[in-house]
Amino acid sequence: MASDAKQAEVEQAAKDATVRAAANAWRSRPKDLPAHARAALWEAMWEAYDFSWNGLADAGWERGDKANEGQRLKRWRAPVGVPGTGPVHGHSSAAWKEATLQDYWRWSIGIGQISPGAPMLSDFALHNAGLLVEDSTGTLWHILHLRSDATHDKDATQPRLQRTTQDGSAEYRESEGGSPSRNPHALVTGQITARLVAAADDPAGGPDTRLRLNGARMPGLGETLRQASAKDTEPNPIRLTAIAAAFDHVDLSGASFASTARFDVARFAGTALFGDASFTGEVWFDGASFTGEAWFGGASFTGEAWFGGASFAGKAWFGGASFENEANFNNTHFMGEAWFSGAHFEGRASFIGAHFEDLVRFGLAHFASTARFTRVIFDAKDGAGPIRFQTAIFEKLADFSGAQLPNQPERIQGAFKTARFLEEARFEIPQLTAFAAFDGTVFKGKLLLAAARTEAEEQARFASVLCATGVAVRTDLETTSAKGYDPIKDHNKLERGANARFSALERGLRELKRAMAEEKDHGQEHRFFRFELQAKRHRPSIPLWEKIASWSYGVLSDYGNSIGRPLSALVLSVLAFWVIYWIWGASLDQSFHGLEKERSALEFSIRNVMQPFGPWTATVKSTLFQLEIVKIVTCGGPPAEACTPTGPGWLSFRLLATLQSVLSLLLAFLFALALRKKFQIS
């Protein structure tokens with residue numbers, strides 16, 4: 001006996017390990033897994049859970065919390081009135097007894113007519129009714145849980161087993177071409193309908209009367225559920241748990257889900273229609289797989305909505321949906337278009353780690369509470385649709401920290417246009433390049449960005465943005481020049497072209513600059529100002545003189561941020577004009593050599609800096625006219641005697657000195673401006 005118990009313990013441990021590995025493999029599946037591989041992982045998990053007829057009886061009640069995930073799916077907190085010998089827990093209306101998923105489908109409610117007077121149906125009765133079938137290995141399955149590789153005749157014309165009694169023992173023999181008196185699918189519909197009607201909002205911790213479709217995968221299950229939930233013109237409220245169930249096509253548009261609805265790790269192989277449905281309790285789609293389109297447009301979620309780890313291979317439509325409590329889409333994978341336009345999030349909206357591969361639309365969405373988009377991935381693949389949060393309203397904290405916004409103008413340009421962040425907005429993204437996304441964004445509260453890196457790294461990052469924008473401009477040109485291009489059908493035509501692309505980038509940087517000015521983050525403010533001017537220079541509509549001025553501003557002072565550049569330029573200009581003045585003097589007087597005479601040219605150059613426009617205001621008696629270089633220029637040669645300061649030579653010389661003074665004043669202004677910014681003299 002001890003050895004048998006040990007063997008059973010070893011076998012159970014192996015089953016637990018298999019279930020755990022299969023479940024983890026599904027939940028941690030790589031996001032780039034092809035469709036057939038995803039389907040194989042789901043099948044492996046479903047097989048590990050073991051929904052065979054005998055498997056439905058393995059609920060592991062005796063193991064308590066040590067039961068594996070598959071066993072817990074077979075547990076049923078049955079009302080005390082349901083036949084069975086399981087231990088009873090609780091008292092009064094909250095009393096319930098331990099039962100299994102097999103007990104649930106033995107329960108005769110809805111199909112008692114196949115075995116009148118029998119509250120719990122035998123294997124024979126179920127088999128004879130076509131509800132239990134045998135696969136090629138001899139394993140029994142309820143038709144709700146029939147494996148994908150098993151065959152089942154929907155018309156149920158194959159021979160069945162019937163029961164005879166000899167000496168009180170049960171025996172089975174195959175009937176002669178017999179077939180059940182009714183279609184088993186009709187019986188299943190009757191079972192589901194009766195159970196939906198019998199289900200109630202059970203007391204907390206009491207019996208669970210929800211329809212139990214855990215592991216169900218009968219073809220047409222979605223249609224069966226739709227028919228069962230409809231009763232004349234008034235639909236039955238749906239109270240169910242369908243964990244690890246498989247649906248082909250399901251249309252529950254406008255359905256009302258009461259109590260907690262569970263669709264965890266369920267698979268929807270066809271279109272899943274839940275449009276305008278009402279979920280008054282919690283709803284769980286954690287880890288669910290939607291291989292077709294999923295429609296939740298206009299749906300109302302009163303309780304918490306959990307879609308964490310779900311995957312949508314087709315379009316996911318949540319437009320106009322309302323979430324009164326928390327909406328959890330953490331680690332959800334949207335392979336197709338994701339539409340949340342006009343959705344209303346009254347409770348917390350959480351998209352932490354979500355992955356969007358294609359078009360994303362949150363236009364007109366309203367976030368009344370915290371919105372978390374941390375570590376969200378917006379794919380940078382070619383051909384992906386745009387990212388749009390235009391006109392969205394964020395009333396509370398909006399956190400996009402760690403999000404991966406692609407450096408693709410086609411996807412991110414104007415992504416947050418007219419979006420309103422009424423409180424704190426966090427975009428702490430070290431590699432942020434999606435500056436054009438903030439064109440027209442309204443920041444009413446604090447904006448937090450990631451700490452800046454070195455100026456060289458920041459400039460290199462912005463260079464990649466300019467490069468990507470240039471690539472987008474060339475792509476626009478190819479698109480609009482292609483044969484058959486129709487501008488009327490091009491919904492993005494106003495966003496195309498160099499002016500539009502670089503203008504959006506410039507405006508986005510300007511909004512970030514303003515936000516940083518509000519935060520008194522002058523380092524970031526100047527950085528965005530510098531990038532703004534660089535983006536502006538790439539616009540074809542900007543005049544050439546303005547581009548040159550902007551370029552010079554950057555070279556001479558790093559756009560007002562460098563103290564050293566204008567000061568160095570000022571010193572170099574003094575030396576450069578000294579050389580020019582010396583050459584001028586030497587051209588008029590070949591004896592204009594030697595330290596004393598050359599020093600006079602240097603002194604004249606310094607005077608033009610210290611006393612701007614001095615040659616225009618000085619008199620012949622001033623010290624200016626005592627300089628050797630001035631005497632030579634006014635005389636037009638070697639100064640034999642005092643000369644009157646007239647003539648074209650003196651005028652040209654003064655104009656050159658004026659140019660130096662203007663340049664010196666400009667450099668001095670840039671130096672003062674940089675000094676002010678450095679120490680923030682207000």
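Bear in mind the structure is a predicted one, so any value in this text is a computation, not a measurement.

Caption draft 1: Focus on the overall build of the protein. Secondary structure summary: the protein contains 17 helices and 41 strands in total. A buried classification covers 48% of the 682 residues belonging to the protein. By sequence separation, contacts in the protein at least 24 residues apart represent 50% of the contacts at least 6 residues apart. As displayed, the protein offers around 30900 Å² of accessible surface, 56% of which is attributable to carbon and sulfur atoms.

Caption draft 2: Seen up close, a nonpolar patch on the surface. Nonpolar side chains collect at one region of the surface, where Phe613, Trp616, Leu651, Leu655, Val662 and Leu665 lie side by side and expose about 520 Å² of accessible area between them. Looking at which element gives the most residues to the nonpolar patch, the answer is helix 17 (residues 648-679), with four residues. Mapped onto the fold, tryptophan 616 is located in helix 15 (residues 614-617).

Caption draft 3: Examining the environment of glutamine 590 more closely. Following the sequence through the fold, glutamine 590 ends up in the loop between helix 13 (564-588) and helix 14 (595-610). Assessed through its relative accessible area of 72%, glutamine 590 is described here as exposed. Between the C-alpha atom of glutamine 590 and that of proline 638, which follows or precedes it by 48 residues, the distance is 8.4 Å.

Caption draft 4: Region of the structure containing unusual backbone geometry. Here leucine 364, not a glycine, exhibits a phi torsion of approximately 65°, which is positive. Even without being glycine, lysine 520 reaches a positive phi, approximately 60°.

Caption draft 5: Representation of the packing of helix 10 (residues 498-518) against helix 11 (residues 522-537) in the model. Two elements in contact, helix 10 and helix 11, have axes separated by 8 Å at closest approach and are oriented at 165°. Judged by the angle between their axes, helix 10 and helix 11 are roughly antiparallel. Considering how the two elements wind past one another, helix 10 and helix 11 form a crossing that is left-handed. Contacts between helix 10 and helix 11 involve Phe502, Leu505, Glu506, Leu509, Arg510, Leu512, Lys513, Met516 and Ala517 from the former and Gln524, Glu525, Phe528, Phe529, Phe531, Glu532, Ala535 and Lys536 from the latter. A breakdown of the residues in the contact of helix 10 with helix 11 according to their chemical character gives ten nonpolar, one polar and six charged.

Caption draft 6: Quick look at the environment of glycine 254. With respect to the helices and strands, glycine 254 occurs in the loop between strand 11 (250-251) and strand 12 (256-257). With a relative accessible area of 43%, glycine 254 lands in the partly exposed category. When the C-alpha atoms of glycine 254 and leucine 273 are compared, they prove to be 9.1 Å apart, with 19 residues separating the residues in sequence. With near-sequence residues (within four places) excluded, glycine 254 lies in contact with Gly275, Asp276 and Ala277.

Caption draft 7: The sheet that holds strand 27 (residues 338-339), seen in detail. The sheet built from seven strands is open, its strands ordered 11-15-19-23-27-31-35 with parallel pairing. Among the strands making up the open sheet, the edge pair consists of strand 11 and strand 35 (387-388). Where strand 31 (residues 360-361) lies against strand 35, two bridges are found, and the strand directions are parallel. Note that in strand 35 the partner of valine 360 across the bridge is isoleucine 387.

Caption draft 8: Expanded view of the side chain of asparagine 330. Take asparagine 330: it is sitting in the loop between strand 25 (327-328) and strand 26 (333-334). Under the relative-accessibility criterion, asparagine 330 is labelled buried at 18%. Those residues within four positions of asparagine 330 in sequence are excluded, and the remaining contacts are Gly308, Gly309, Ser350, Phe351 and Ile352.

Caption draft 9: Fine view of the side chain of arginine 212. Tracing the sequence through the fold places arginine 212 in strand 8 (residues 211-212). With a relative accessible area of 6%, arginine 212 lands in the buried category. Looking at arginine 212, its side chain comes within polar contact range of the side chain of aspartate 208, at 3.0 Å. Excluding residues within four positions of it along the chain, arginine 212 makes contact with Arg75, Trp76, Leu101, Tyr104, Trp105 and Thr241.

Criteria and cut-off values
Residues numbered from 1 in each chain as written. Predicted model: local features only at pLDDT ≥ 70, side-chain atom pairs only at ≥ 80, totals over all residues. Heavy atoms only, no water. Helix = DSSP H or I, 4+ residues; strand = E, 2+ residues; numbered from the N terminus. Buried < 20%, exposed > 50% of the residue type's maximum accessible area, 1.4 Å probe, protein only. Contact = heavy atoms within 4.5 Å. Areas by Shrake-Rupley, 256 points an atom, 1.4 Å probe, with all protein chains shown as cover. Patch = residues over 30% accessible without salt bridge, like charges linked within 9 Å, V, L, I, M, F, W, Y side chains within 5 Å. Salt bridge = Lys/Arg side-chain N within 4 Å of Asp/Glu carboxyl O. Axes fitted to C-alpha atoms, helices over the stretch in contact; angles between N-to-C directions. Parallel < 35°, antiparallel > 145°, perpendicular 65-115°, else oblique. Left-handed = near helix turned anticlockwise from the far one by under 90°. Nonpolar A, V, L, I, M, F, W, Y, C, P; charged D, E, K, R; others polar. Pairing = 2+ DSSP bridges. Polar contact = N/O pair within 3.5 Å; in protein donor to acceptor, adjacent residues only side chain to side chain.

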